[in-house]
Structure formats: C-alpha cells, structure tokens
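Observations on the three-dimensional arrangement
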Amino acid sequence: MLTSPSSSSSSTFDSFSSNFSPVLTNAFSGFTIPMGLNFSRKVIGARVFSRKVKDRSTLKVSCRRAQERVVEEEASTMTETKQLFKVSTGEVSPLGVSQVDNGINFALFSQNATSVTLCLSLPQSGKDDLSDDGMIELVLDPSVNKTGDTWHICVEDLPLNNVLYGYRVDGPGEWQHGHRFDHSILLLDPYAKLVKGRSSFGDSSQKFAQFYGTYDFESSPFNWGDDYKFPNIPEKDLVIYEMNVRAFTADESSGMDPAIRGSYLGLIEKIPHLQDLGINAVELLPVFEFDELELQRRPNPRDHMVNTWGYSTVNFFAPMSRYASGEADPVKASKELKEMVKALHSAGIEVILDVVYNHTNEADDKYPYTTSFRGIDNKVYYMLDPNNQLLNFSGCGNTLNCNHPVVMELILDSLRHWVTEYHVDGFRFDLASVLCRATDGSPLSAPPLIRAIAKDSVLSRCKIIAEPWDCGGLYLVGKFPNWDRWAEWNGMYRDDVRRFIKGDIGMKGSFATRVSGSSDLYQVNQRKPYHGVNFVIAHDGFTLRDLVSYNFKHNEANGEGGNDGCNDNHSWNCGFEGETGDAHIKSLRTRQMKNFHLALMISQGTPMMLMGDEYGHTRYGNNNSYGHDTALNNFQWKELDAKKQNHFRFFSEMIKFRHSHHVLKHENFLTQGEITWHEDNWGNPESKFLAFTLHDGVGGRDIYVAFNAHDYFVKALIPQPPPGKQWFRVADTNLESPDDFVSEGVAGVAETYNVAPFSSILLQSK
C-alpha cells in the first residue's frame, strides 16, 4: 500500500540519492525527472511534488523504499532516457486534462482530500506499460498545487497522446463521517474525456481491469464537413426509436465483419433500415464508458451476466471505448462515435443519448467498487443519510448528489461536452426524479440542476426528456419541474393504453385522454402535447411481442429466482402463455401488436418505439434482460427479413403516415373544433369501443379512427365526411398484409363499418 508523504521521505531520498546521485542530483538541480525509470513492484515509482523557492517552483524527488531492503538489488533495473520533463504549479481550471502553453495541465476537485498523487504511465518502446511498476507518481504539495478545493499541476514535455493517468487520493479515514478514501487505489479522473479500460467487450478475464484516463492533443479536429448541418427537427415531428448500439448489430445475422459488429460503425451500416422504417430520432441506451462486467466481480446469483444495457456509468465524459471497431481504443471510439452522429444527421436522424446521472458503477458500502468518485470525495459526490451511509434512490447501491454545486457543475459540463464535441441533439435522463432531490435526498420543488439544464445556453437547442420517477418512490409523471422545456416519458400513457387495448373494463375515458395528448398531465403553463413522450414499450419490460404473448414475466435466466423485474405489466397472452403454433392465437397477437402501434402513431404527443418491435422481437417473457449479451437482446436481422412484407411493412407505413398528416401532431392541445368524439357511452365501464374524428381545418383531410377492444364485432356508424369528400380505408388491423394498410386508401366505405374484435381502423377523407 502506498503511503502519504511524511517526514521519512527525506531520509528515503537521502539514502537513495547517495547510491544514485548522478541521476537524482541532475534531476533536482534542473527541475527534471528522467522518463522511463523502471522499478520493481517492491520499489514503486518516482514521487514528485513542487515547493515554492523565491518566485518559482523547484522539485523535490522522493522515492519510497518497500518494506524489504531491495534498493541495491534493484539498482541495475533502473534506467534513464534522454527525454526529460518538468513540472510547475499548474492551473486551477478547467478540471480534467488540458493542453496549456507550457505543457499538460491536470486539475482535480477534492474538498476533503489531504493528499493527491498524479500517476502517469508513459508510452515506452511502442507500447503502454499498464502495471503500477511503470507509473511515475507526482505528489502534489497542497501549499503550491492546491487552490481552494482544486488540486492542480502542469507537466511539461509529456507526449501529446498515449499517456495514461490516474490519481491516488488520501484523506480522513472515518467511514462514520462519510469518507471512503483509500490511497492504495488508482482512481479515474471524473473529467477524463477519454477512458482506457478493457480491450474487448464482456471479456471476463478482464473483469478487474483498471480504468485509466487518457488524452489526445495530437490528432486533427474531427472533420464534420463543409455541408454538415443539424437536422433540427421540431419536437412535435419526432418519432423516436429507442435502441442499443451494441445489440443493434452484434448478432451474426447482421452479416457484418466481426470487427464492426456491435460498434458505432456497425450502426452506420444499418442506417438504411432506420430510414426505411421512417423514424427520425434514435434514443441510444448509454454510450458513456460503463462497466459491463459489474456483476462478475464476486460470486453472486447474477455473476453469469454481462450488463449490455449500460446503466453502470464509469465516467460521464468519455464514449464507451468497447463500442469502437476491432480492439477497444478510446481515441478510435471517440472518432467513430462522431462518424456515427455525422452519418445519422446526414440521413436526417437526430441523436438523443440516454444518460445516467443518478448513480455510478461504484456500488454500495457492502460490496464497494471504488474506481473514481467514491475515492476522490465520497461525501461530495454521493447522497448520504444522517449516519453517513449511502442513500439508494437508484436501486443500484448509491445515488449521485446531483444538486450539490460541484456535482451539478460536473453534470452540466458533461452535457455541454456531448453537445459541443459530439453534436448530439438531446438527452433522456434515466431516473430523473433523483435529479429533483436535495443533498439529503428530500424532494425539491425547484431543483437547481433541472432549472440550470433548462436555462443553459449551450443546451438550448437540445431535446431534454425526463424519466420522471426513481426507485425511492418519487413519481413525477405530469408534475416534473420543467420550466416549459422538459419533456417526460409518459408512464401513464403506457399503462392506460396497454389496459384498454387488452380489454380491461373502465379504461375508455383514460384511453381517450392519452391518445388526445394527455392534457390532464401537460396542459399547464406553456407546456405542449409533445412534452409527453408516448410509449407502449421501452427497453425495460416486455417487448411488444411478449406483451401479447405472456401474462407473467419469465426471468429465470437472470439468476434471481424470478424476483427481479416488474410484476405489473398489464399484458395479455391472448390465450396461451408463450410461444404457440395455434393459428388463431398467433393471428390475434399480430392484430394486437398492430393495434398498439396504430394507437401510438395516431396519438398527440411524441411517439417512441423500441428497437426490434418492427419485426416482433421476443425475449421469451424476460422483462428485465439487461444482463444478456445474446440473441435475447440482439436484433435478429433474419427475423426482420422474414417479416419485411407484413409486420414491418405495417409498422413502417404507419410511421410514414404520421409524418405526412399534421392533424396527428398538433403543436397545441386539441380544441373542441379539432376533434369530435363519436361517443355517448362514456359512463359505461363495460364499453370498450372508442371512435373519433380529427378535423383538418384547411385541406379537409379528416382522419377517423376507431378501436374495438371487445371480443365481438361492433358495427360503427361512420360520420359524414367533409363536403365534397369521401372516406377511404387506410388501415384495418384485422386484415392481412398488404390490405391491412393501403397508404392511398381504399374507396367504398359505407355508412357503417363492422370493426372486428380486438382491432382498429383508420379512415381518411379525400
């Protein structure tokens, strides 16, 4: 274990320098340190800190002796190189690593630390030495290298790339006072813009791999192109596709070279599919550097799993390095992520990132895993209870202290970085209710962080979407503090639409409210219908196919005896649990999936669908599949091919129909003249039929929609079309493809229409 500088350092220095005076005397008098010093595991590194002498800094070199007396026997292993570097006081900002006129500046915040040591691994002989043996340690003098609560140092003559770095931080040892310092642990810089970790995704042999910060000040800036522009799609026009970068192309059925499967470049190759589907925004599951092997660090019922969803953030600034093509490389990952964003923008598709600022990968106090924040300043970065134990509103063992001024600024800096450096178009905030809690965990009515995000000039062009709940019970659907900017995942839409479509009694009124824009939730101040993100399916929970195939979750593969995952799914298996060959049940399930999709695409608000639902992906009833880096989560391209002419076709045509009809995406909430409800049976809980007309006040292209959730036919009386128009049937989910959707419409609609059991129809006047 490394120790803090003490009075014994001088004697160690004197003893060591008496043996190697030519090297160290030269270093001290010239304010330099020889690069490439090689020490055994027993004698670790050169430890340096600066002190003021007159008006400039000099260096004091201290090399620590291990418990065994090994200096003499190790002398022959120490070499020096011709390249030397100097250190100076450094600058207090920006935090992280920056290139300055006289070198590379390192700045780290820690309010409660008593000592900070910068550790550097330099490129030698064309490769990185990733062991402690090869690290140079620079001990920062708090009287020189600390301003306020920021520790800083400038190192001259460092290479402009391929340098790995971290920190050892020491401080008070009292856990009962909220501190978790451990000087023996090499810590990742919270502001590292690039992170070096494992060389390949999910490699269990690397589960304890160290995460290092790194930088690249040598490469040319990324070329976005002279004709590059942001899509700048109005929120009311969005159709969001929630997806996982890795799972989209990881499967062999993608037909790609193995080197790019599951990568940013892999997604680029499949952009034509997204265009064919018709979506215009992707919401990417986490692409920050995350720890996919967090479940494998100790024996436990889930130690067979790989966290492929990515909700285990290691760092808030660095792109996931193992999403690079080939062997993981942080510089390559950064470049390829930009290439992916550029390609999506070129295709007219916006990029929204799912961001996890509610917790980190560092777990809890029972099974701590210290990689960064915890060891740098636990008391600042995490919420603690009155006994200075970690609060857990995330369900993952810790909760980021989001409204602490320092943590708030880190989050804002992170968001700005992704907007300016990677050109992303927006963010979906995981468990965003955590961001509405004070430092003691109590709810805030006007959270400073939420307001700051809404008012920030750099983020002003971005979509900002909250998942308005957390694992501590703070449910804020329709009540999320918003400053008329924040949108929300509308969890009530999901629940009410599921219940009506599957035929629950008493749901017609709620269903009508949801498809007409959820004015009960969002018609407040200057909020708009598009501030409600409508969804039936998301990454957590059943897929659309499983929603109509299972009454119960089947999570046995997760290792927790089926105790994980939500029990309230509002699903219906249509008569049989799971896969079946029964033609009637399969037909009903197909019909129900189309009903859900039609409802989603005709609803006022912003629709979001899940990757794979366009062909009917199944996880075989697993509604919490985060830990399976397999076909359970991976997009099945052969399945898509098999469904291209029926299921996929319907889904794609419905999306494109929405794009081309403004009455389905009003800027403001519907007025009485814009919708007519064909209903006189609101008070009957047994009624499961709903019909309405959306009026096009300009072109007379009205749209009539009817949903029948009864198990029998309903003869619907069709209203008169606008003058000079007639009704055309566009969609009937009871019909087989291609008759289930005809974009130009089928003429001959009579005064009544027999709407089949568990089906829906869409008519247009022309």
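Residues numbered from 1 in each chain as written. Predicted model: local features only at pLDDT ≥ 70, side-chain atom pairs only at ≥ 80, totals over all residues. Heavy atoms only, no water.

In the nomenclature of an unreviewed UniProt entry, the protein is known as isoamylase of Arabidopsis lyrata subsp. lyrata. According to its UniProt record, the protein has this under Catalytic activity (unreviewed entry): "Hydrolysis of (1->6)-alpha-D-glucosidic branch linkages in glycogen, amylopectin and their beta-limit dextrins." (UniProt positions renumbered as here; feature names shortened; annotations may be inferred.)

Topic: unusual backbone geometry
A cis amide bond, omega 0°, links Ser93 with the succeeding residue Pro94. Within the secondary structure, Pro94 is located in the loop between β5 (87-88) and β6 (96-100). A cis amide bond links Ser737 with the next residue in sequence, Pro738, at an omega value of 5°. If you trace the backbone, Pro738 turns up in the loop between β29 (727-732) and β30 (741-746). (Helix = DSSP H or I, 4+ residues; strand = E, 2+ residues; numbered from the N terminus.)

Digging into the packing of helix α15 (residues 583-602) against helix α17 (residues 647-659)
Helix-helix packing is characterised by the crossing angle of the two axes and by the distance between the axes. One way to put it is that α15 packs onto α17 with a least axis distance of 9 Å and a crossing angle of 15°. With respect to their mutual orientation, α15 and α17 come out roughly parallel. Considering the relative orientation of α15 and α17, their crossing is right-handed. Across from Met593, Lys594, His597, Leu598, Leu600, Met601 and Ile602 in α15, the residues of α17 making contact are His647, Phe650, Phe651, Met654, Ile655 and Arg658. Here the contact of α15 with α17 is built from residues that sort into 9 nonpolar, 2 polar and 2 charged. (Axes fitted to C-alpha atoms, helices over the stretch in contact; angles between N-to-C directions. Parallel < 35°, antiparallel > 145°, perpendicular 65-115°, else oblique. Left-handed = near helix turned anticlockwise from the far one by under 90°. Contact = heavy atoms within 4.5 Å. Nonpolar A, V, L, I, M, F, W, Y, C, P; charged D, E, K, R; others polar.)

Details of the sheet that holds strand β20 (residues 426-429)
Taking strand neighbours around the barrel as the criterion, the 8 strands line up as β17-β18-β19-β20-β21-β22-β23-β24 in a closed arrangement whose pairing is parallel. Pairs of neighbouring strands in the sheet enclose a mean axial angle of 25°, with direction left out of account. Both strand β17 (residues 240-243) and strand β24 (residues 606-610) contribute to a ladder of 3 bridges, which runs parallel. Each residue of the ladder has a partner; that of Glu242, found in β24, is Leu610. Packing of helix α7 (residues 330-346) onto the sheet brings it into contact with β18 (281-284) and β19 (350-355), and relative to β19 it is tilted by some 135°. (Pairing = 2+ DSSP bridges.)

Observations regarding the sheet that holds strand β25 (residues 675-677)
In spatial order, the strands read β25-β26-β27-β32-β29-β30; together these 6 strands make up an open sheet with antiparallel pairing. The open sheet is flanked by β25 and β30, the only strands paired with a single partner. The sheet shows a mean angle of 15° between the axes of neighbouring strands, direction not considered. Contacts from helix α12 (residues 508-515) reach β25, β26 (689-694) and β27 (703-708) within the one sheet, and its direction differs from that of β26 by about 25°. In the packing of α17 onto the sheet, contacts are made with β27, β29, β30 and β32 (759-765), and the angle to β30 comes to roughly 55°.

Remarks on α17
An α-helix turns once every 3.6 residues. As a result, residues three or four positions apart point the same way. With 13 residues, α17 should reach 18 Å at 1.5 Å per residue; the first-to-last C-alpha distance of 19 Å fits that figure. Of all the residues in α17, the buried ones are His647, Phe648, Phe650, Phe651, Ser652, Met654, Ile655, Phe657 and Arg658. (Expected span 1.5 Å × (residues − 1). Buried < 20%, exposed > 50% of the residue type's maximum accessible area, 1.4 Å probe, protein only.)

Concerning the nonpolar core
By size, the foremost hydrophobic cluster in this structure holds 165 residues, and its most contacted members are Phe106, Tyr241, Phe427 and Phe429. Sequence-distant contacts of Phe429, that is, excluding residues within four places in its chain, are made with Val355, Tyr357, Leu415, Leu435, Ile453, Ile464, Ile465, Ala466, Glu467 and Trp486. Counting residues in each nonpolar core, the second largest holds 18 residues, with Ile233, Trp469, Ala487 and Phe535 among its members. (Core = buried A, V, L, I, M, F, W, Y, C linked by side-chain atoms within 4.5 Å.)

A short note on the pairing of strand β21 (residues 463-466)
Side chains Lys463 and Ile465 project from β21 onto one buried face, and the interleaved Ile464 and Ala466 project onto a second face that is buried too. Considered for its hand, the β-α-β crossover made up of β20, helix α10 (residues 448-455) and β21 is right-handed. Of the pairings in the sheet, the one linking β21 to strand β22 (residues 487-489) comprises 2 bridges and is parallel in character. Its bridge partner being in β22, Ala466 is matched across the sheet by Glu488. (Right-handed = clockwise from strand over helix to strand, strands pointing away.)

Here we look at α12
For α12, the set of buried residues is Lys508, Phe511, Ala512, Arg514 and Val515. End-on, the buried residues of α12 take up no more than an arc of 165°, which puts them together on one face. In this structure, the buried residues of α12 make contact with α11 (491-501), α13 (519-522), α15, β25, β26 and β27. (Arc of directions from axis to C-beta.)

A word on the packing of aromatic side chains
Applying the stated rule across the entire model yields 40 aromatic pairs. Measuring from ring centre to ring centre gives 5.2 Å for Phe106 and Tyr165, while their planes differ by 70°; the resulting arrangement is edge-to-face. One end of the pair, Phe106, is in strand β7 (residues 103-109); the other, Tyr165, is in strand β14 (residues 161-170), with 59 residues separating them in the sequence. Comparing Phe106 with Tyr165, the two get one shared label, buried. Taking the centre distance of 6.1 Å and the plane angle of 65° together, the rings of Phe288 and Tyr357 count as edge-to-face. You can see Phe288 sitting in the loop between β18 and α7 and its partner Tyr357 sitting in the loop between β19 and α8 (373-381), a full 69 residues away along the chain. (Phe/Tyr/Trp six-rings, centres within 6.5 Å; stacked < 30°, edge-to-face > 60°.)

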